[in-house]
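# Observations on the model geometry
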Amino acid sequence: MATKLPKAPEHPEFSMPGGQSKAMAATMEIQKICDQVKGQVEVNTKKKYVKFTAVNYTSQSTNPPKLRIKVHTGGEHYIHLMVSQAHHNGKEVIELLGQQENRTKNDILV
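Conventions and cut-offs
Residues numbered from 1 in each chain as written. Predicted model: local features only at pLDDT ≥ 70, side-chain atom pairs only at ≥ 80, totals over all residues. Heavy atoms only, no water. Helix = DSSP H or I, 4+ residues; strand = E, 2+ residues; numbered from the N terminus. Buried < 20%, exposed > 50% of the residue type's maximum accessible area, 1.4 Å probe, protein only. Areas by Shrake-Rupley, 256 points an atom, 1.4 Å probe, with all protein chains shown as cover. Contact = heavy atoms within 4.5 Å. Phe/Tyr/Trp six-rings, centres within 6.5 Å; stacked < 30°, edge-to-face > 60°. Salt bridge = Lys/Arg side-chain N within 4 Å of Asp/Glu carboxyl O. Core = buried A, V, L, I, M, F, W, Y, C linked by side-chain atoms within 4.5 Å.

## Some remarks on the overall build of the protein chain
A count of helices and strands for the protein chain gives 1 helix and 5 strands. Shown N-terminal to C-terminal, the secondary structure of the protein chain runs as helices and strands in the order β-α-β-β-β-β. The buried share among the 110 residues of the protein chain stands at 34%. Per element, the accessible surface of the protein chain, about 7700 Å² overall, is 55% carbon and sulfur.

## Quick word on the side chain of E42
Relative to the helices and strands, E42 is located in helix α1 (residues 28-45). Among residues more than four places away in sequence, those in contact with E42 are K47, K48 and Y49.

## Remarks on the packing of aromatic side chains
Applying the stated criterion across every chain yields a total of 1 aromatic pair. Centre to centre, the rings of Y49 and F52 are 5.6 Å apart; their planes meet at 45°, and the pair counts as tilted. Given a relative accessible area of 11%, Y49 falls into the buried group. On the basis of relative accessible area, F52 is assigned to the buried category, the value being 6%.

## Considerations on the pattern of salt bridges
Pairing is possible between side chains that carry opposite charge, provided their charged atoms lie close to one another. As enumerated under the stated definition, the model contains 3 salt bridges in all. Across the pair K48 and E42 runs a salt bridge, and its minimum N-O distance is 3.6 Å. Its relative accessible area of 72% is what places K48 among the exposed residues. The residue R103 makes a salt bridge to D107 at a minimum N-O spacing of 3.4 Å. We classify D107 as partly exposed; its relative accessible area is 21%.

## Section: the nonpolar core
Ranked by size, the top nonpolar core spans 17 residues in total, and within it V41, F52, I69, L81 and V83 carry the most contacts. Counting residues per element, the ones that place at least two in this core are α1, β2 (53-60), β3 (66-74), β4 (77-88) and β5 (91-103). Not counting residues up to four positions away in its chain, the partners in contact with F52 are Q31, C34, D35, K38, V41, V71, H72, T73, I79 and L81.

And the structure:
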């Protein structure tokens, strides 16, 4: 007689393993991540951002997890960030993987 295995827990925010979640409103934790990578973004884009406010984000169930974050940089201007969020030796490590400039409020995070 075959043993029935327990059903794996469901994660409705992910469509498949490694998939991207639905967009969620940014939290204080997401804003802190943006604050941590702001300097790198300014170096990469050769711009200084007075406003750098996280609007929404998606997460990807990879190891380490990846976040895509929509950031309002003032007026009609937005930038999309991709960061990884890992833990090494008990410390959280945030790494900027890339950014997309010239985004709008209505652009989806991809």
